[in-house]
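# Report on the structure
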Amino acid sequence: MSLQSPAQVMGIDAGGTMTDTFFVRKDGRFVVGKAQSNPADESLAIFNSSQDALAHWDRDVDDVFPELLTCVYSGTAMLNRVVQRKGLEVGLIVNKGFEHVHSMGRAIQSYLGYALEERIHLNTHRYDEPLVPLSRTRGVTERTDVQGEIVIPLREAEVRQAVRDLVAAGSKALVIVLLQSHKNGASERQARDIALDELARLGSEVPVFASVDYYPQRKESHRMNTTILEAYAAEPSRQTLRKVSDRFKKHGAKFDLRVMATHGGTISWKAKELARTIVSGPIGGVIGSRLLGQALGYENIACSDIGGTSFDMALITKGNFTIVADPDMARLVLSLPLVAMDSVGAGAGSFVRLDPYSGAIKLGPDSAGYRVGTCWPESGLDTVSVSDCHVVLGYLNPDNFLGGAIKLDVARARESIKRQLADPLGLTVEDAAAGVIELLDLQLREYLRSNVSAKGYNPTDFVCFSYGGAGPVHTYGYTEGLGFKDVIVPAWAAGFSAFGCACADFEYRYDKSVDLALPQVAAQSDKVQAVETLQQAWNELAEKVIEEFRINGFKPEDVILRPGYRMQYMGQLNDLEIDSPIAGAGSADDWDRIVGAFEDTYGRVYASSARSPELGFSVTGAIMRGMVVTQKPVLPEDPEAGPTPPAEARLGTRKLYRRGQWHVATLWHMEALKPGNRIKGPAIVESDATTFVVPQGFSASIDKHRLFHLQETK
């Protein structure tokens, strides 16, 4: 294919350590770029990563940005802002007598993210500092009951006084959350309008966020946290995204920047509900895995992503991933639809220390981030990281980190490991470093195995996809012995989450709580009433979806609407998300089809024998998705070249330390390998963006899509 084929799609994954970019041409070819993240100016890191990628095509951003049809961003800046408590000063208006609800939170928030031994002991529980302090919280008289009836009307004067107090207290945004507003939002909308009027009188441009406009869902703490998050972290992140968008435009870009959302679609950076993008990078990898699975015919996939700071995993079963309706994030319970993922704070940049009491090696949870480790002389770090161990053991090429942009000092890493780990443990430097890697691999392997098993599955029924900048370095270690049907490492593993972003639909999604309950055998009139209520909710949500696309220049007729709902058997605690089998609902037969789709899904997720229709059926939420057609990447298909790699792909040899001895590993240049080539361990496959380790007892082959398949040969 010609190198002159224009670039069309770009994906960005701005992580805590590295910023990856992914460019796709019209002919389906793509390149991956990598640069150190820059928390002070993400737009600069994206620019540097883009230049790194486009150098492979002998092009630069001024040539390519004007050609792009679409660009999708994902990153961790918003999540980091919440974790570090560096958001906007928010003022909160609630029902009088409920001023402490946000500070108290839910009990689960006192131990979220804790290991089991810390969860079961009350003295280890703690509450984080609330996003909004009591000093910027005001109560107003109003009460709506659980049926949605207004039993005490809103007192206008109290709302006006609350607004004046909160502005005087330094609030840069106001959030309004009243009880039961998901059942009847009239009082909350009234409070919003009064607040806006009072702000206009004060000459203030403070924005107002009412939960009914954003997240009209049951569970007060979840709804309150999420709406506060919209003001506290999403608005500052909007400024970061504006800066990124402006830099694109400076280099001639004509596209509108999109952002990866928690539900697996993408939304514009101008979207009203930007809190939906709080965690986006790892989700891109799940979307990319599903697309690869569809292309290769795999229905069950274990997705595993190792970056500098964390290990993220998700399961795709029967071609679908699970959406959680009320997840937790940054130790907060939220009302956001989120692709179900599990994360542990262990990555290639994790700090390594000895426990002062037991003398045992402890990994993380803090990380070197973009500073790599003590092996980088300019890092300013004095604590050993996992990357230091990689360098000492020969896994990484110290002269080719980020394509040689950063030179790593092996002697400096050896000295740090000797002083902090090896000498106190009475080990050699190599054995101490190897112990760290084996411990990390063991933790990740157990984490992956237990997550598959805990959901009732067996690894032998799954294919494992391994990606992320550090994924290919550890793939053999955390998959060994688990029995996966296949273990796949994409050649573009370092930019795989960015690739997934480019694969995602341009999709908005709105949710709304509803309460519909019918017995197994119900009257026709009750079924009709139920579907009419559901259809009314779909209509409300469809208006919101179409409005979001209108802001981005699309006409209503461009939008493809996809209704859905959440349903459970009556009396159950957990519901399931179902794609509606019908485009609209209005008859008793439609109710039967809605129930049938739920029962089919329930049988697939759990077991057919677990169905309990005799309990009756309860619809707990309405969902409306809207999407427009966008350009997506195409998997490459190269001709087979046989099992023997070409001579020019061989770079030489390097010593690799594993299991108590040095091995001479053959070095291969990743981009020079051809489909059909087979690599036998010990070997190291290098590219500018990542390193794929194939130790003794393993082999790897590359297919026509440039996917490596790792096999155990012993």
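Notes on the structure in this doc start here. All figures in this text were calculated on a predicted structure; none of them were measured in a lab. Residues take numbers from 1 onward in each chain, read along the sequence in its written order. At least 70 in pLDDT is required for a residue's local features to be given in this predicted model, at least 80 for side-chain atom pairs to be given and counted, and no such filter applies to totals for whole chains, interfaces and linings, which use all residues. Values shown for side chains rest on all heavy atoms present in the structure; no hydrogens or waters enter the calculation.

We now examine the overall build of the protein. When you go through the protein residue by residue, the secondary structure sums to 17 helices and 35 strands. With the C-alpha coordinates of the protein rotated into their principal frame, the extents come out at 80 × 55 × 55 Å. What counts as a helix is a DSSP run of H or I of at least four residues, what counts as a strand is a run of E of at least two, and both are numbered from the N terminus.

Sheet analysis places strand β21 (residues 350-354) next to strand β22 (residues 361-367), joined by 4 bridges and oriented antiparallel. Within the sheet, the bridge partner assigned to R353 lies in β22 and is K362. Turn length for the β21-β22 hairpin, with the two strands adjacent in sequence and antiparallel, is 6 residues, and the turn residue G359 shows positive phi of about 75°. Pairing between strands is defined by DSSP: at least two bridges between the two strands are required.

On to the environment of P153, then. Mapped onto the fold, P153 is located in the loop between β8 (150-152) and α6 (156-168). Distance from P153 to A647, taken between C-alpha atoms, is 81 Å for residues 494 residues apart in sequence. Contact definition: two residues touch when any of their heavy atoms are within 4.5 Å. For P153, the contacting residues outside a window of four places in its chain are T141 and E142.

One fewer than the residue count of a helix, multiplied by 1.5 Å, yields its expected span. Between its first and last C-alpha atoms helix α16 (residues 524-551) spans 41 Å; for 28 residues at 1.5 Å apiece the expected length is 40 Å, and the two agree. After α16 finishes, the residue G553 shows a positive phi value of roughly 85°.

Within this document, salt bridges are pairs made up of a side-chain nitrogen of Lys or Arg and a carboxyl oxygen of Asp or Glu, the two lying within 4 Å of each other. Under the counting rule described, the total for this entry stands at 41 salt bridges. With a closest N to O distance of 2.6 Å, R59 and E67 form a salt bridge. The buried label goes to any residue with under 20% of its type's maximum accessible area, the exposed label to any with over 50%, and the partly exposed label to all in between, with areas taken from a 1.4 Å probe on protein chains only. The exposure class of R59 is buried, given its relative accessible area of 17%. A salt bridge links K512 to E540; its shortest N-O distance comes to 3.5 Å.

Turning to the packing of α6 against helix α7 (residues 186-202), a few remarks are in order. Interhelical geometry of α6 versus α7 gives an angle of 50° and a closest axis separation of 9 Å. When the interaxial angle is binned, α6 and α7 end up oblique. By crossing handedness, the relation of α6 to α7 is classed as right-handed. Contact residues: α6 offers E156, V159, R160, V163, R164 and V167, while α7 offers A191, I194, A195, D197, E198, L199, R201 and L202. The class makeup of the residues in the contact of α6 with α7 is 8 nonpolar, no polar and 6 charged. The angle between two axes is taken between their N-to-C directions and runs from 0 to 180 degrees, where each axis is a line fitted to C-alpha atoms and a helix contributes only its stretch in contact. When describing relative orientation, an angle under 35 degrees is termed roughly parallel and one over 145 degrees roughly antiparallel, while 65 to 115 degrees is termed roughly perpendicular and anything else oblique. A clockwise turn of the near helix away from the far one marks a right-handed crossing, whereas an anticlockwise turn of less than a right angle marks a left-handed crossing. Asp, Glu, Lys and Arg are counted as charged, while Ala, Val, Leu, Ile, Met, Phe, Trp, Tyr, Cys and Pro are counted as nonpolar; the rest, among them Gly, fall into the polar class.

With that out of the way, let us pick up the nonpolar core. Counting 160 residues, the largest nonpolar core has F23, F248 and W492 as the members making the most contacts within it. Examining the composition of this core, we find that 11 residues originate from one element, helix α13 (residues 429-454), more than from any other. Ignoring anything within four residues of it in the chain, the contact list for F23 reads V9, M10, R29, F30, V31, S50, A53, L54, W57, V64, F65 and L68. Nonpolar cores were defined as sets of buried Ala, Val, Leu, Ile, Met, Phe, Trp, Tyr and Cys residues, with membership established by side-chain atoms within 4.5 Å. W591, A597, M624 and V628 belong to the second largest nonpolar core, which has 38 residues in total.

Take unusual backbone geometry next. Phi is mostly negative for residues that are not glycine, and the peptide bonds are mostly trans. Of note, the bond from G681 into P682 is cis; its omega dihedral lies within 30 degrees of zero at 5°. For P682, the position within the fold is in the loop between β31 (678-680) and β32 (683-686). One non-glycine residue with positive phi stands out, namely K219, at about 80°. In this structure, K219 sits in the loop between α8 (211-214) and α9 (220-250). A positive phi is found at V372, a non-glycine position, where the angle reads about 65°. Positionally, V372 belongs in the loop between β22 and α11 (386-392).

A sheet is described by the order of its strands in space; here 4 strands give the open sequence β29-β30-β32-β33, paired in mixed fashion. Edge positions in the sheet fall to β29 (650-658) and β33 (691-694), since each has one partner strand and no second. Strand-to-strand, the axes of this sheet are offset by a mean angle of 25°, without reference to chain direction. In this structure, β29 lies alongside strand β30 (residues 661-669), joined through 8 bridges in antiparallel fashion. Following the sheet pairing, L656 is matched in β30 by H663. Docked against the sheet, helix α14 (residues 471-479) engages β29 and β33, running at close to 25° with respect to β33.

Looking now at the packing of aromatic side chains. A pair of aromatic rings is counted whenever rings of Phe, Tyr or Trp (Trp by its six-membered ring) have centres within 6.5 Å, and the orientation is called stacked for planes under 30 degrees apart, edge-to-face for over 60 and tilted otherwise. Summed over the entire model, instances satisfying the criterion amount to 29 aromatic pairs. Relative to Y214, the ring of F209 lies with its centre 5.6 Å away and its plane at 40°, an arrangement referred to as tilted. Residue class for F209 comes out buried when judged on its relative accessible area of 3%. Judged by its relative accessible area of 9%, Y214 falls in the buried class. Joined through ring pairs, the aromatic side chains of F22, F30, Y467, W492, F496 and F499 make up one cluster. A cation over an aromatic ring shows up here: R276 above the ring of Y510, its NZ or CZ 5.6 Å from the ring centre. Two conditions define a charge located above a ring, namely a distance within 6 Å from the ring centre to NZ of Lys or CZ of Arg, and an angle within 35 degrees of the ring normal.

Pairing is parallel in the open sheet, where 4 strands are placed in the order β6-β5-β9-β10. The sheet terminates laterally at β6 (137-140) and β10 (208-210), the two strands that pair on one side only. Across the sheet, the mean angle separating the axes of adjacent strands is 20° when strand polarity is ignored. For strand β5 (residues 90-95) and β6, the ladder comprises 4 bridges, and the chain directions are parallel. Across the sheet, residue V94 finds its bridge partner in β6, namely G139. Here α6 sits on the sheet and contacts β5, β6 and β9 (173-176); the angle it forms with β6, its principal contact strand, is near 175°.

The terminal C-alpha atoms of α7 lie 24 Å apart, and with 17 residues this matches the ideal 24 Å at 1.5 Å per residue to within 8%. Listed as buried for α7 are S187, E188, A191, R192, I194, A195, E198 and L199. Immediately beyond the C-terminal end of α7, within one or two residues, lies G203, with a positive phi of roughly 70°.

On to the packing of α16 against helix α17 (residues 588-605). Close contact between α16 and α17 brings their axes to 8 Å; oriented N to C, the two are set at 70°. Viewed along their axes, α16 and α17 adopt a mutual orientation that is roughly perpendicular. Counting all contacts with α16, which are made through Q524, K527, V528, A530, V531 and L534, the residues of α17 involved are A588, D590, W591, D592 and I594. Residue composition of the contact of α16 with α17, grouped by class: 7 nonpolar, 1 polar and 3 charged.

Our focus in this paragraph is the side chain of E188. One can find E188 in helix α7. Overall, the relative accessible area of 0% leaves E188 in the buried class.

This next bit is on the environment of R678. You can see R678 is positioned in strand β31. By relative accessible area, R678 is classed as partly exposed at 43%. Residues R678 and S701, 23 residues apart in the sequence, show an inter-C-alpha distance of 4.3 Å. If sequence neighbours within four positions are ignored, R678 has contacts with P643, P645, S699, A700, S701 and Q711.

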